[in-house]
Amino acid sequence: RDLASFPATADLKIATADVTSLYPNIPTAWGCRVVKGYLLSKGVRGRTARLIHDALFLVLISNIFTFAEQLHIQLKGTAMGTHCAPTYATLVLVVVEQNSRISYADILLFRRFIDDLFVIARSSQAIRDFFAQFQSVRDDFRLTYEFGTSVDFMNLTVSVPHRDGLFQVAPY
């Protein structure tokens, strides 16, 4: 929807990025504190926020799985497949984005779906600077990214038009 009404010009640069291994790279105790702080900031009462924090922490540190017919416990981060993992990771990145010093001044459009980012800017340098700022928030968060006039984002290839007009979007 955002691209349908966005004024696309041939000089724009677009980029996609992925927060590499986001789930296992969110430190559990820190991430749970981030979620608790977010809940408190949204008016959730202290006792309720503490209860959610404690329950979330218990779920995240209790991931036992079978590999090669042996039981293992995940010691770092969040396991893929944990029911609360997408919401947890999303809340952590929302707070990171809100509390960081990331400058959106040169970014014309920024959208994120869990750990996948989509950016439109007027220059490649603006994109590089933006991603560098994003990565500097926490050493645990690394980005892999591509940018140019055509990029793949989720299930789509998005391209800047050769002339002013609409972005070209095709299934990937």
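One can find the structure itself at the top, above this paragraph.
Residues numbered from 1 in each chain as written. Predicted model: local features only at pLDDT ≥ 70, side-chain atom pairs only at ≥ 80, totals over all residues. Heavy atoms only, no water.

A. Quick look at the overall build of the protein. Of regular secondary structure, the protein possesses five helices and nine strands. Secondary structure elements of the protein, listed N to C terminal, follow the sequence β-α-α-α-β-β-α-β-β-α-β-β-β-β. A principal-axis box enclosing the C-alpha atoms of the protein has dimensions of 55 × 45 × 30 Å. Taken over 172 residues, the protein has a buried fraction of 42%. The long-range share in the protein, meaning contacts at least 24 apart out of those at least 6 apart in sequence, stands at 63%. Summed over all atoms, the accessible surface of the protein reaches about 10,200 Å², with 55% contributed by carbon and sulfur. In the protein, 17 side chains carry a positive charge and 15 a negative one; their mean positions are 10 Å apart. (Helix = DSSP H or I, 4+ residues; strand = E, 2+ residues; numbered from the N terminus. Buried < 20%, exposed > 50% of the residue type's maximum accessible area, 1.4 Å probe, protein only. Contact = heavy atoms within 4.5 Å. Areas by Shrake-Rupley, 256 points an atom, 1.4 Å probe, with all protein chains shown as cover. Lys, Arg positive; Asp, Glu negative; His and termini not counted. Charge placed at Lys NZ, Arg CZ, Asp CG, Glu CD.)

B. Up close: the pattern of salt bridges. Counting across every chain of the model gives three salt bridges. Between Asp11 and Arg122 there is a salt bridge; the shortest N-O distance is 3.7 Å. With a gap of 111 residues between them, Asp11 in the segment before β1 (13–19) and Arg122 in the loop between β5 (116–121) and α5 (124–136) connect regions that are remote in the sequence. Between Glu97 and Arg112 there is a salt bridge, and its shortest N-O distance comes to 2.5 Å. Here Glu97, found in helix α4 (residues 85–99), pairs with Arg112, found in strand β4 (residues 107–113); they are 15 residues apart in sequence, far enough to count as distant. For Glu97, a relative accessible area of 14% translates into the label buried. (Salt bridge = Lys/Arg side-chain N within 4 Å of Asp/Glu carboxyl O.)

C. Structural context of the nonpolar core. Residues Val19, Leu22, Ile26, Val92, Val119, Phe131 and Phe141 are the most contacted members of the largest nonpolar core, which totals 38 residues. The set of elements that each furnish at least two residues to this core consists of β1, α1 (22–25), α2 (28–41), α3 (46–61), α4, β4, β5 and α5. Per element, the largest residue contribution to this core is nine residues, and it comes from α4. If we ignore the near neighbours within four places in the chain, the residues touching Val19 are Leu93, Asp115, Leu117, Phe134, Phe141, Arg142 and Leu143. (Core = buried A, V, L, I, M, F, W, Y, C linked by side-chain atoms within 4.5 Å.)

D. The arrangement of the layout of surface pockets in detail. Reported here for the largest pocket is a volume of approximately 250 Å³. Forming the boundary of the largest pocket are 14 residues, of which Leu3, Arg111, Phe118, Phe153 and Leu156 lie nearest the centre. The set of elements that each furnish at least two residues to the lining of the largest pocket consists of β4 and β8 (156–159). Of the residues that constitute the lining of the largest pocket, the class distribution is nine nonpolar, one polar and four charged. (1 Å grid on protein atoms, 1.4 Å probe; cavity = no way out; pocket = protein on both sides within 12 Å on 5 of 7 lines; lining within 4 Å. Points joined across faces, edges and corners; volume = space filled by probe spheres on them. Nonpolar A, V, L, I, M, F, W, Y, C, P; charged D, E, K, R; others polar.)

E. Spatial organisation of the pairing of strand β2 (residues 64–67). In terms of strand pairing, β2 meets strand β3 (residues 70–73) through four bridges, oriented antiparallel. Within β3, the residue paired with Phe65 across the bridge is His72. (Pairing = 2+ DSSP bridges.)

F. Structural context of α5. In this model α5 runs 18 Å from its N-terminal to its C-terminal C-alpha over 13 residues, within 8% of the 18 Å that 1.5 Å per residue would give. Contact partners of the buried residues in α5: β1, α4, β4, β5 and β6 (143–148). (Expected span 1.5 Å × (residues − 1).)

G. Local environment of α3. With 16 residues, α3 extends 22 Å between its outermost C-alpha atoms, agreeing within 8% with the 22 Å of an ideal straight helix rising 1.5 Å per residue. Buried within α3 are the following residues: Ala49, His53, Leu56 and Leu60. Looking straight down α3, one finds its buried side chains confined to an arc of 70 degrees; they lie on one side. In α3, the exposed positions angled more than 90 degrees off the buried face are occupied by Arg47, Leu51 and Leu58. (Arc of directions from axis to C-beta.)

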